[in-house]
Amino acid sequence: IKKIGVFTSGGDAPGMNAAIRAVVRTALYHNLEVAGIRRGYEGMIAGDFMEMDRKSVANIIQRGGTMLKTARSDQFRTPEGRKVAYDKLKAEGIDALVAIGGDGTFTGARVFGAEYDMPIVGMPGTIDNDLQGTDFTIGYDTAINTVIDAVDKIRDTAESHDRLFIVEVMGRDSGLIALRTGIAAGAEAIIIPETKTDIEALCARLEHSRRDKSSKIVMVAESGEAGSAFEVGRQIKERFPHYDTRISILGHIQRGGRPSCMDRVLASRMGVAAVEALLNNHRDEMIGIIHNEIAYTQFDHAIKHHQEINPNFLKIVEILSL
Ligand code: F6P
């Protein structure tokens, strides 16, 4: 390997810049050239490359977003699009890739790596934390801290007005953001796609806890099995018309902002490991950290098996939310 291409793809996540920095600096440390590919697979097809040196990644470790920009690419889903991408990479002298993103990114990487002789190693960059093969993805820690910061503020108003707030958080197919932040913010109930929600039982719990506590927070994952926050609100209101209810959808604030210390360190460790994995002939694998050790997981496995919910967490909610 002489020249590595690095790119971010899919939804952005705090810590992606720290990841790019780590990849570039590790490549240079090992006397490799490194090119940044702008706008993910879209930029690959367009030949949107930039030479990277130590200076080009200076002063970015603390920044949210991604300096390389990101995109979701329809063209790359087609064999023609991937052929153009491969030709552009070859013309640029890029002979290996580090892909930073989530399951869409690795789905593309898996297909591309099978079609062409192009070693690819992935780094998990998504706020959803929904990939198998790592305890945490880059961006998750910052996102959950953003959520609890917001929910703590919402709790003030809930308390002042004796209100019920239904707070919707992100997680396309996953309740991991809702579950952890729900515990941390002391939510009275949590609705996630991984478990069935019995709305009657939920309402009974809300009513029960009303004796000791006048404010209430119900945390809903956007993909929650009981429907959107509005739908959950409607169902609760139907049963308890006297509740003063408000809906709050946190949205994309969860994706932005300065990465936390945990995310910067995670991205740095994984960036070093990704480049060294390529040098050690790994390919078609995602770097992860499991029990504080670097782990390698085939793309196939990382994307197919979403990270599971720890049943102990559900138990904690049950015990502490009453
Ligand atoms: O995968 C990350 C994520 O933020 C999901 O939680 C959410 O469903 C989705 O991306 C939103 O994507 P977009 O940026 O297209 O609105």
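Numbering of residues starts from 1 in each chain and follows the order in which that chain's sequence is written. For a predicted model such as this one, the threshold for reporting local features is a pLDDT of at least 70, and the threshold for listing and counting side-chain atom pairs is 80 or more; totals across whole chains, interfaces and linings nevertheless cover every residue.

> Please clarify how the confidence of the model for the protein chain should be interpreted in this entry.
Note: predicted coordinates in regions of low pLDDT should not be interpreted at a detailed level. Mean pLDDT over the protein chain stands at 95; residues scoring 70 or higher make up 100%. Two summary scores accompany this predicted model of the complex, namely pTM at 0.96 and ipTM at 0.97. pLDDT expresses how confident the predictor is about each individual residue, on a scale running from 0 to 100.

> Looking at this structure, how should I read the sheet that holds strand β11 (residues 293–298)?
Backbone hydrogen bonds are what pair the strands of a sheet, in a parallel or an antiparallel way. Spatially, seven strands are ordered β3-β2-β1-β4-β5-β10-β11 in an open sheet, and the strand pairing comes out mixed. Each having just a single partner strand, β3 (49–51) and β11 make up the two edges of the open sheet. Across the sheet, the mean angle separating the axes of adjacent strands is 30° when strand polarity is ignored. At least two bridges found by DSSP between two strands are what make those strands a pair. The numbering of helices and of strands both runs from the N terminus, where a helix is a DSSP run of H or I of at least 4 residues and a strand a run of E of at least 2. Pairing of strand β1 (residues 3–8) with strand β4 (residues 96–101), which is carried by five bridges, proceeds in the parallel orientation. Bridge pairing in β4 places Ile 4 opposite Ala 96. With C-beta atoms placed from the backbone, a contact is any residue pair whose C-beta atoms sit within 7 Å. For helices, the axis comes from a line fit to the C-alpha atoms of the stretch in contact; other axes are also lines fit to C-alpha atoms, and the angle between any two N-to-C directions lies between 0 and 180 degrees. Most of the contacts of helix α1 (residues 16–29) go to β1, to which it runs at about 180°, and overall it touches β1, β2 (33–37), β4 and β5 (120–124).

> Looking at this structure, how should I read the UniProt feature "binding site: Mg(2+)" (unreviewed entry) in the protein chain?
UniProt positions are given in the numbering used here, feature names are shortened, and annotations may be inferred rather than shown by experiment. Under the feature "binding site: Mg(2+)" (unreviewed entry), the UniProt entry names Asp 103. The class of Asp 103 is buried, set by 22 C-beta atoms lying within 10 Å. In contact with Asp 103, other than residues within four places in its own chain, are Leu 131 and Ile 303. Neighbour counting defines burial: a residue surrounded by 20 or more other C-beta atoms within 10 Å of its own C-beta is buried, one with 12 or fewer is exposed, and intermediate counts give partly exposed, using backbone-placed C-beta atoms.

> Where do I start with the site of the ligand in this structure?
For each residue, a C-beta position is placed from the backbone atoms; the residue is near a molecule or strand when that point lies within 6 Å of it. Contacts to the ligand come from Gly 11, Gly 102, Thr 126, Ile 127, Asp 128, Met 170, Gly 171, Arg 172, Glu 222 and Arg 255. Partitioning the shell around the ligand into residue classes produces two nonpolar, four polar and four charged. Residues are grouped as follows: nonpolar covers Ala, Val, Leu, Ile, Met, Phe, Trp, Tyr, Cys and Pro; charged covers Asp, Glu, Lys and Arg; every other residue, Gly included, is treated as polar.

> I tried to follow the nonpolar core on my own but got confused; where do I start?
Nonpolar side chains tend toward joint burial in soluble globular proteins. By convention the nonpolar core is taken to be a set of buried residues drawn from Ala, Val, Leu, Ile, Met, Phe, Trp, Tyr and Cys and joined through C-beta atoms within 7 Å. Formed by 87 residues in total, the largest nonpolar core has its most connected members in Ala 19, Val 23, Val 98, Ile 177, Val 218, Val 220 and Ala 274. Not counting the four nearest positions on each side in its chain, Val 220 is found in contact with Ile 166, Val 167, Glu 168, Ala 178, Ile 191, Ala 229 and Val 232.

> Quick question: what am I supposed to make of helix α9 (residues 261–279) here?
Note: α-helices contain 3.6 residues per turn, so residues at a spacing of three or four share the same orientation. The span one expects for a helix is its residue count, reduced by one, times 1.5 Å. When the terminal C-alpha atoms of α9 are compared, their 28 Å separation across 19 residues agrees well with the 27 Å that a helix rising 1.5 Å per residue should span. By the burial criterion, the buried members of α9 are Asp 263, Arg 264, Leu 266, Ala 267, Ser 268, Met 270, Gly 271, Ala 273, Ala 274, Val 275, Ala 277 and Leu 278. In the stretch just after α9, Asn 281 is the one whose phi turns positive, near 65°.

> Even after reading the chapter, I still don't get the packing of helix α5 (residues 140–161) against helix α6 (residues 176–184), so can you show me in this structure?
In helix packing, the relevant descriptors are the interaxial angle and the interaxial distance, both defined with respect to the helix axes. Between α5 and α6, the least distance of the axes is 9 Å, while the angle of their chain directions is 45°. Judged by the angle between their axes, α5 and α6 are oblique. Here the hand of the crossing between α5 and α6 comes out right-handed. Residues Ala 143, Ile 144, Val 147, Ile 148 and Val 151 of α5 lie in contact with α6, whose contacting residues are Ile 177, Arg 180, Thr 181 and Ala 184. Each residue belonging to the contact of α5 with α6 can be placed in one class, and the counts come to seven nonpolar, one polar and one charged. The scheme is simple: roughly parallel for angles under 35 degrees, roughly antiparallel for over 145, roughly perpendicular for 65 to 115, oblique for anything else. Definitions for this section: a left-handed crossing has its near helix turned counterclockwise from the far helix by less than a right angle. A right-handed crossing has that turn clockwise.

> Looking at this model, I keep getting lost on unusual backbone geometry. Mind explaining?
Negative phi characterises most residues that are not glycine, and trans characterises most peptide bonds. With a phi angle near 55°, Asp 284 is a residue other than glycine that sits in the positive phi range. Residue placement: Asp 284 occurs in the loop between α9 and β10 (285–290). Even without being a glycine, Asn 292 presents a positive backbone phi close to 70°. Within the element layout of this structure, Asn 292 appears in the loop between β10 and β11.

> Mind showing me how you'd approach the packing of α1 against α9 here?
Running from N to C, α1 and α9 cross one another at 35°; their axes reach a closest spacing of 8 Å. In terms of crossing hand, the pair formed by α1 and α9 is right-handed. Residues Ala 18, Ala 19, Ala 22, Val 23, Thr 26 and Ala 27 of α1 form the contact with α9, whose own contacting residues are Asp 263, Arg 264, Ala 267, Ser 268, Met 270, Gly 271, Val 272, Ala 274, Val 275 and Glu 276. Split by residue class, the contact of α1 with α9 holds ten nonpolar, three polar and three charged.

> Can you walk me through the environment of Met 52 in this structure?
As for its position among the elements, Met 52 is in the loop between β3 and α3 (79–91). The spatial distance from the C-alpha of Met 52 to the C-alpha of Val 34 is 5.8 Å, given a sequence separation of 18 residues. Setting aside residues up to four positions removed in sequence, Met 52 forms contacts with Val 24, Val 34, Ala 35, Gly 36 and Val 57.

> When you look at the pairing of β11 in this model, what are you seeing that I'm missing?
On a regular strand, one side chain projects to one face of the sheet and the next to the other, so that they alternate. Two strands pair when backbone bridges link them, and β10 and β11 are joined in this way by six bridges, in the antiparallel orientation. Paired with Glu 285 across the two strands is Gln 298, which belongs to β11. In this structure, the hairpin formed by β10 and β11 is closed by a connection of two residues, where His 291 is found at a positive phi of approximately 50°.

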